[in-house]
Amino acid sequence: MIFALTFYLLMIKHAICDFALQGRLKGSGNENKLLSKKKNLHALDHAVGTALAFLIVFAITHDMSMLIPWIGIVSFAIIDYVLHLVIDWRKNIITKKYKLSIEDRSFWKLTAIDQCFHYSCYFLYCWLFLQFWL
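Please read these numbers as outputs of a predicted model, since none were measured by experiment.

Trainee: So what about the overall build of the protein chain? Which residues, and what values?
Mentor: Within the protein chain, the secondary structure is distributed over 4 helices and 0 strands. Listing the helices and strands of the protein chain from first to last along the sequence gives α-α-α-α. With respect to the principal axes defined by its C-alpha atoms, the protein chain has extents near 50 × 25 × 20 Å. Burial status across the protein chain gives 38% buried among its 134 residues. Partitioning the contacts of the protein chain with sequence separation of at least 6, the portion at a separation of at least 24 is 74%. Here the protein chain displays about 8000 Å² of accessible surface, and carbon together with sulfur accounts for 72% of that area. Computed over 14 positive and 9 negative side-chain charges, the inter-centroid distance for the protein chain is 9 Å.

If you want it as structure tokens, here you go:
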């Protein structure tokens, strides 16, 4: 049940961060750069969301007065920040290389692959949580 709850919270977080929050990041940053401000702010949204999701899960499963849950929360947030940043960066590189736009079917195929990578990361986080924190 904890696996399902964790995965569900991460999927809700993903929908909020990838769709509701991402549109607020305006500007013409160079999206091909891994360290662009816009790309890093988006990854930070995901890191904070992941931290909140794991705060809920750790609060259910652990004594929050101990250090271990906080190490887990911060660890998952950092991992999600890095992986989300790299996955989105690579998608952007491919999009630019092949000059894809939202009108191209290939853009949507690439977007589906991008989303599958993100969902796979969340599955991995849930597995890691069960293996090392429960």
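Trainee: Before we move on, could you go through the packing of aromatic side chains and cite the residues and values that matter?
Mentor: Under the counting rule described, the total for this entry stands at 12 aromatic pairs. Arranged with centres 5.0 Å apart and planes meeting at 90 degrees, the rings of F58 and F129 form a pair that is edge-to-face. Residue F58 is located in helix α2 (residues 37–61), and its partner F129 is located in helix α4 (residues 105–132); the two are separated by 71 residues in the primary sequence. Owing to a relative accessible area of 0%, F58 belongs among the buried residues under this scheme. Three or more aromatic residues joined by ring pairs form one cluster here, namely F54, F58, F76, Y122, Y125, F129 and W133.

Trainee: Explain the environment of A59 residue by residue, including any values.
Mentor: Residue position: A59 is located in helix α2. Look at A59 and you get partly exposed, because its relative accessible area is 45%. Along the primary structure A59 and W89 are separated by 30 residues, whereas in three dimensions their C-alpha atoms are 33 Å apart.

Trainee: Please set out unusual backbone geometry residue by residue, giving values where relevant.
Mentor: For K99, which is not a glycine, the phi torsion comes out positive at approximately 50 degrees. Within the secondary structure, K99 is located in the loop between α3 (67–97) and α4.

Trainee: Got a sec to walk through the packing of α2 against α3? Specific residues and values, please.
Mentor: Taken N-terminus to C-terminus, the directions of α2 and α3 make an angle of 145 degrees; their axes are 8 Å apart at the nearest point. When the axes of α2 and α3 are compared, the crossing they make is right-handed. Class assignment of the residues belonging to the contact of α2 with α3 gives a composition of 15 nonpolar, 7 polar and 3 charged.

About the criteria used
- Throughout, a residue's number is its position along its own chain's written sequence, starting from 1.
- Local features in this predicted model are restricted to residues of pLDDT 70 or higher, and side-chain atom pairs are both shown and tallied only at a pLDDT of 80 or more, whereas totals for entire chains, interfaces and linings draw on every residue.
- Side-chain numbers come from the whole structure's heavy atoms, not from hydrogens or water.
- Think of it this way: any DSSP run of H or I at least four residues long counts as a helix, any run of E at least two long counts as a strand, and we number them from the N terminus.
- For every residue, the accessible area (1.4 Å probe, protein chains only) is compared with the maximum for its type, and the residue is labelled buried under 20%, exposed over 50%, or partly exposed between those bounds.
- Whether two residues are in contact is decided by their heavy atoms, any of which lying within 4.5 Å being enough.
- Surface accessibility follows the Shrake-Rupley procedure with a 1.4 Å probe radius. Residue values consider only the protein chains on display as shielding.
- Think of it this way: Lys and Arg go in the positive column, Asp and Glu in the negative one, and His and the chain ends go nowhere.
- One atom stands in for each charge, and that atom is NZ of Lys, CZ of Arg, CG of Asp or CD of Glu.
- Each Phe, Tyr or Trp ring, with Trp reduced to its six-membered ring, pairs with another whose centre is within 6.5 Å; inter-plane angles below 30 degrees give stacked pairs, above 60 give edge-to-face pairs, and intermediate values give tilted ones.
- Lines are fitted to the C-alpha atoms to define the axes, a helix being fitted only along its stretch in contact, and any angle between axes, read from their N-to-C directions, falls within 0 to 180 degrees.
- Note on convention: near helix rotated counterclockwise from far helix by under a right angle means a left-handed crossing. Clockwise means right-handed.
- Note on residue classes: Ala, Val, Leu, Ile, Met, Phe, Trp, Tyr, Cys and Pro are nonpolar, Asp, Glu, Lys and Arg are charged, and everything else, Gly too, is polar.

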